[in-house]
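Listed below are the residues making up each chain.
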Amino acid sequence: MRLRLVIPNPGLDERILSHEDLENLEKKEAGDRPKWDNKAQYILTCVGFCIGIGNVWRFPYLCQTHGGGAFMIPYI
């Protein structure tokens, strides 16, 4: 014999949105969001987040410190 505990939750059906309401809300919010101008902006932003600005500043410093000035020409 299994006992099942049922906790009443009044108003639950009014708080949970239907699938259609969720789709309408998503379309409405998607129109307000800013968009990328082109794919290059998106790719560069993703690369920037992955690499981090610290490494972008650190690489030229390490090249200078270890005498690798030749790497600076393609980097710039």
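What comes next is a walk through the structure. All of these numbers come straight from a predicted model, not from anything done at the bench.

### A closer look at a negative patch on the surface
A surface patch of negative charge is lined by E20, D21, E23, E26, E29 and D32. Here D21 falls in the partly exposed class, since its relative accessible area comes to 39%.

### Description of the environment of S18
The topology assignment puts S18 in the loop between α1 (12-15) and α2 (19-32). For S18, a relative accessible area of 33% translates into the label partly exposed. A polar atom in the side chain of S18 sits 3.2 Å from the side chain of D21.

Criteria and thresholds
- Residues numbered from 1 in each chain as written.
- Predicted model: local features only at pLDDT ≥ 70, side-chain atom pairs only at ≥ 80, totals over all residues.
- Heavy atoms only, no water.
- Patch = residues over 30% accessible without salt bridge, like charges linked within 9 Å, V, L, I, M, F, W, Y side chains within 5 Å.
- Areas by Shrake-Rupley, 256 points an atom, 1.4 Å probe, with all protein chains shown as cover.
- Salt bridge = Lys/Arg side-chain N within 4 Å of Asp/Glu carboxyl O.
- Lys, Arg positive; Asp, Glu negative; His and termini not counted.
- Charge placed at Lys NZ, Arg CZ, Asp CG, Glu CD.
- Buried < 20%, exposed > 50% of the residue type's maximum accessible area, 1.4 Å probe, protein only.
- Helix = DSSP H or I, 4+ residues; strand = E, 2+ residues; numbered from the N terminus.
- Polar contact = N/O pair within 3.5 Å; in protein donor to acceptor, adjacent residues only side chain to side chain.

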